[in-house]
Amino acid sequence: MSVQTSAPEPGAPDRGAAVLDRLRADARRSCCVTHVERVPARAGTRAPWPAWADPVLVSRLRAAGIDAPWTHQARAAEHAHAGRSVVLATGTASGKSLGYLMPVLSVLLAEPSARAFYLAPTKALANDQLRAVRALTLTGVRAATYDGDTPGYERDWVRAHATFVLTSPDMLHQGILPSHRRWAAFLRGLRYVVVDECHGYRGVFGSHVAHVLRRLRRVCARYGATPVFILASATVSEPADAASRLTGLDVQAVEEDASPRGAMSFALYEPPLSYPWQAHAWQASSSFASSSEPSARPSSAPPAPSRPAPAVSGPLSAGPTASEAVSSGPVAPAAAESASSQPVGTPAGQVPGALTAVAAQPPEPPVHGPGGVAVRRSATAEAAGLLADLVADGVRTLVFVRSRRAAEVIAQSARRALSEVSADLAERVAAYRAGYLPEERRALEADLRSGRLLGVAATNALELGVDITGLDATVITGYPGTLASLWQQAGRAGRDGAGALAVLVARDDPLDTYLVHHPEAVFGRPVEATVLDPDNPYVLGPHLEYAAAELPLTEADLDLFGPLARPTVDDLVRRGRLRRRPAGWYWTHRHRPDVDIRGVSGQPVRIVEASTGRLLGTVDAATSHSTVHRGAVYLHQGSSYLVIELDLDAAVAFVEAATPDWTTVAREDTDIRVVESIRSRTAGDVELHLGTVEVSSQVVSYQRRQAGSGRVVGDDPLDLPARHLRTRAVWYTVTEELLVEAEIDDDAVPGAVHAAEHAAIGILPLFATCDRWDIGGVSSALHPDTSRTTVFVYDGYPGGAGFAERGFLRGGPWLRATRDVIAACECTAGCPSCVQSPKCGNGNEPLDKPAARRLLDAVLRRLDPS
Ligand SMILES: [Zn+2]
Ligand SMILES: [Zn+2]
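As the structure is a prediction and not an experimental result, all values here were calculated from the model.

Definitions and limits used
- Residues numbered from 1 in each chain as written.
- Chains lettered and ligands numbered in written order.
- Predicted model: local features only at pLDDT ≥ 70, side-chain atom pairs only at ≥ 80, totals over all residues.
- Heavy atoms only, no water.
- Helix = DSSP H or I, 4+ residues; strand = E, 2+ residues; numbered from the N terminus.
- Polar contact = N/O pair within 3.5 Å; in protein donor to acceptor, adjacent residues only side chain to side chain.
- Contact = heavy atoms within 4.5 Å.
- Axes fitted to C-alpha atoms, helices over the stretch in contact; angles between N-to-C directions.
- Parallel < 35°, antiparallel > 145°, perpendicular 65-115°, else oblique.
- Nonpolar A, V, L, I, M, F, W, Y, C, P; charged D, E, K, R; others polar.
- Expected span 1.5 Å × (residues − 1).
- Buried < 20%, exposed > 50% of the residue type's maximum accessible area, 1.4 Å probe, protein only.
- Phe/Tyr/Trp six-rings, centres within 6.5 Å; stacked < 30°, edge-to-face > 60°.
- Lys NZ or Arg CZ within 6 Å of the ring centre and 35° of its normal.
- Pairing = 2+ DSSP bridges.
- pLDDT = per-residue confidence, 0-100.

1. Section: the side chain of D257
Logical step 1: Tracing the sequence through the fold places D257 in the loop between β8 (252–254) and β9 (264–269).
Logical step 2: A polar atom in the side chain of D257 sits 3.4 Å from the side chain of R42.
Logical step 3: Ignoring anything within four residues of it in the chain, the contact list for D257 reads R42, H72, T90, G91 and S94.

Set out below in structure tokens:
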């Protein structure tokens, strides 16, 4: 429980500001900091313990150092106790758990038949809450987790004896609701359902969870129970609305955070342009090497240092020959955890353990790559450097990254840098991500809490409330997609109210570049609302099937599932999925209905060491083709493996330990077919459409690239099946006349639309609160279905997720921002900050930045003349 936030002492030194000052003493780093926001400290306000709170519980909480609840905790508890569902939407470490534990544990202690569920989006969080509850040693409360790791004999015990069950929406969906009869006694006594970290249930996943909760309410009603829902959320706009959409109930909101908070220094940080020797290394590593030589070294440049040259590799490669249709997708759902192609680099230029030693190096003028493009160090390399320096300085630091691979790489790079100073320090850095086995994760969490680990590079698997208070600094590698996530991650730091540091390191992409230069977009904007749409028929249908399989559906039930439930049920009957009988609709198939609520279709692929049979971890089915194909290099806990075979039928990838001196990059072909246009807008030579499309993608080959230099040393074909995604897309088409007006000749069209498509994908998250991994795109000089030059941007989820729709509704402003990003970028030929994409299946070929700008100018003259 994070309720022990102590009040900041007046006049206490601000640790975060001090650490930032030391970082900025390094002149090279100093100019990377584009903005510092000082978030002031705040004193807390307490309320008395509620009169109804169980006295034993109160005495245990007092013994744990909690003198009295903060007012927001007391208000939420009061609502819940009075039988009103409530959402507590306050900041990280504001002690939301006490808000629900007071009513829940009090009723469990008072009434032997009372039961409660606690739902967490991750097992780690459920385990953490279990520890917190058990630490209170309340003999009247029998708490237990119930998840995929729970052995069979323990499950029987949990069902029969536990009063407080900590589980997940996934387990509810797949394990508990389908066998609700075995849970009858538990469900009969169900008084409370706690939904923790509920802001995470957004997009398609959120819509699924909304229906799981409706199914739970329906089954409970059958057993005579109407549980009260208590939701805990990060700070979001309109939390009551989102909580109501999620549960289908009226929900009260408590938003005023009365907990004390230490000061925070929040720095926006743009990685530096490379120095001569770095550019030299980059030249060697980049496919651009063939196109031109870098400009001459400035005469003031110092000799190259003896340290190994950093691999500042651009995420680029000489792509395949330009085809008519080029694509930048498809995306893997569960995007935040997808293996990305974030460039890999060693922390460079810094002398670990000596922030001041780094400062001794004078800043140098940037050199320019081909086409006059100055080369920026990758966010991953920069974060690894920051981690090493902060750990060497004794600062307990958590680095958030977007991909599993980046977590491994950053931990590895920081360890390598630190090992030159002290083997002990190097041992105190680790990676943390999903895909690790439960015991590995638990060991890492314990080491983090105890302080044995000083630095951790983590995916957002650690973002959620896992109790790791005691950190001084967070480094957020790339904008995490939403402001809610950004604040959630930043809020992990801060101990003893002594001040914390948060650093957002921009990746080389349009959105991040925009944000670090527009602090008002980060700090001056209200946090976004959580978007979910329980009426998505693609989501609704399968849950109605599940519901019918659990208990026959009645007319009265349909209200619970929303206005589209009736037509959807009729459609399911027509398709033979449900059968109408006098008593209601029945599921008549022998097998269960099938839907994965994480939006990831297919079984996760297990990674097994062939020689020992040891299970190393898993990757989701959607990303398996590009990450664990035969020949792929797979990283796990700092060790590298080579994939010998990917058996798709058995969902297993067999690997062997190996240390090849190359990395692998998969190449993917993508096609798009228009199924139907649902809405459209015509403005002269431009048409804007929203509709249904079918996207086919196939991983066709992979490149081997020399580690360090990035030089392509092999290109091997793969024989993997194509995959299909039916989803929503927004697309615009232009006429030949418009292309003539924009002075784009036939040869330039593919590069123009491809570049315009990449930038549009990069900037859509500003309008749709998704992230670029949630969406994909395809551009075509002449698309067979539209008979025109066309740019598509599509949702990376079956049935769509609402992002493309936002793009359609905000078409003018979205394409204007796209055009502005391209126009404002200083590069001439295109770079990752404007038109290059880290996930281009075509190796960023062809791209024509100037033509893309002329194209968008001409489009906007029709679509958004302002
Ligand atoms: Zn592309
Ligand atoms: Zn650029």
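2. Considerations on the packing of helix α10 (residues 203–222) against helix α11 (residues 239–247)
Logical step 1: At a minimum axis distance of 7 Å, the contact between α10 and α11 shows a crossing angle of 60 degrees. By the angle class used here, α10 and α11 are oblique. Side by side, α10 and α11 meet where G206, V209, A210, L213, R214 and R217 of the first sit next to S244, R245, L246 and T247 of the second.
Logical step 2: Here the residues of the contact of α10 with α11 sort into four nonpolar, three polar and three charged.

3. A closer look at helix α30 (residues 849–863)
Logical step 1: The first and last C-alpha atoms of α30 sit 20 Å apart over 15 residues, in line with the 21 Å expected at 1.5 Å per residue.
Logical step 2: Within α30 the residues assigned to the buried category are K849, A851, A852, L855, L856, A858, V859, L860 and L863.
Logical step 3: Buried positions along α30 lie against β23 (662–683), β24 (686–706), β26 (723–734), α25 (736–741), α26 (749–763) and α29 (811–824).
Logical step 4: Measuring from the side-chain oxygen of the N-cap residue of α30 to the backbone nitrogen of A851 gives 3.1 Å; that N-cap residue is D848.

4. Structural notes on the packing of aromatic side chains
Logical step 1: Evaluated as defined, the whole model comprises ten aromatic pairs.
Logical step 2: Centre to centre, the rings of F117 and F186 are 4.9 Å apart; their planes meet at 40 degrees, and the pair counts as tilted. Taken as a pair, F117 in strand β3 (residues 115–119) and F186 in helix α9 (residues 184–188) lie far apart in primary sequence, 69 residues in all.
Logical step 3: According to the relative accessible area criterion, F117 is buried, its value standing at 0%.
Logical step 4: Relative accessible area serves as the criterion here: at 1%, F186 is assigned to the buried category.
Logical step 5: Plain terms: the ring middles of Y146 and W183 are 5.0 Å apart, the flat faces sit at 90 degrees to each other, and that makes the pair edge-to-face. Residue Y146 is found in the loop between β4 (143–145) and α7 (152–161), and its partner W183 is found in the loop between α8 (169–176) and α9; the two are separated by 37 residues along the sequence. Each member of the pair, Y146 as well as W183, carries the same accessibility label: buried.
Logical step 6: Here the aromatic residues F117, Y146, W183 and F186 are joined through ring pairs into a cluster of three or more.
Logical step 7: Lying across the ring of Y146, R155 places its NZ or CZ 5.2 Å from the centre.
Logical step 8: A cation over a ring is seen here: R704 above W662, with NZ or CZ 5.4 Å from the ring centre.

5. Focus on the sheet that holds strand β20 (residues 633–636)
Logical step 1: Ordered in space as β19-β18-β22-β21-β20, the five strands form an open sheet in which the pairing is mixed. For this open sheet the edge positions go to β19 (615–619) and β20, each flanked by a neighbour on one side alone. Across the sheet, the mean angle from the axis of one strand to that of its neighbour is 35 degrees, orientation sign disregarded.
Logical step 2: Here strand β18 (residues 605–609) runs beside β19; their pairing, made up of four bridges, is antiparallel. Paired with I607 across the bridge in β19 is G617.
Logical step 3: Of the strands in this sheet, β19 and β20 are in contact with helix α15 (residues 404–419), which crosses β20 at around 65 degrees.

6. Observations concerning the confidence of the model for the chain
Logical step 1: Put simply, the chain has an average pLDDT of 82, and 82% of its residues get 70 or more.
Logical step 2: Below a pLDDT of 50 lies the segment residues 1–8, which in the model reaches 30 contacts outside its immediate sequence neighbourhood of four places, other chains included.
Logical step 3: Per-residue pLDDT stays below 50 along residues 275–374; that stretch engages in 250 contacts with residues further than four places along the chain or on separate chains.

7. Quick notes on the pairing of β23
Logical step 1: Strand direction decides the pairing type here: β23 and β24, joined by 20 bridges, are antiparallel. When the bridges of β24 are listed, D669 appears paired with Q698.
Logical step 2: A loop of two residues connects β23 with β24, the two strands running antiparallel in sequence, and G684 in this loop sits at a positive phi of about 65 degrees.

8. Observations concerning the pairing of strand β15 (residues 500–505)
Logical step 1: Taking burial as the measure, the six residues of β15 include six buried ones, the bulk of the element.
Logical step 2: What you see with β15 is no split at all: A500, A502 and L504 on one side and L501, V503 and V505 on the other are buried throughout.
Logical step 3: Of the strand pairs in this sheet, β9 and β15 are connected by six bridges, and their pairing is parallel. Bridge pairing links A267 to V503 in β15.
Logical step 4: Bridge count for strand β14 (residues 473–477) against β15 is five bridges, and the pairing is parallel. Directly across from V475, in β15, lies its bridge partner V503.

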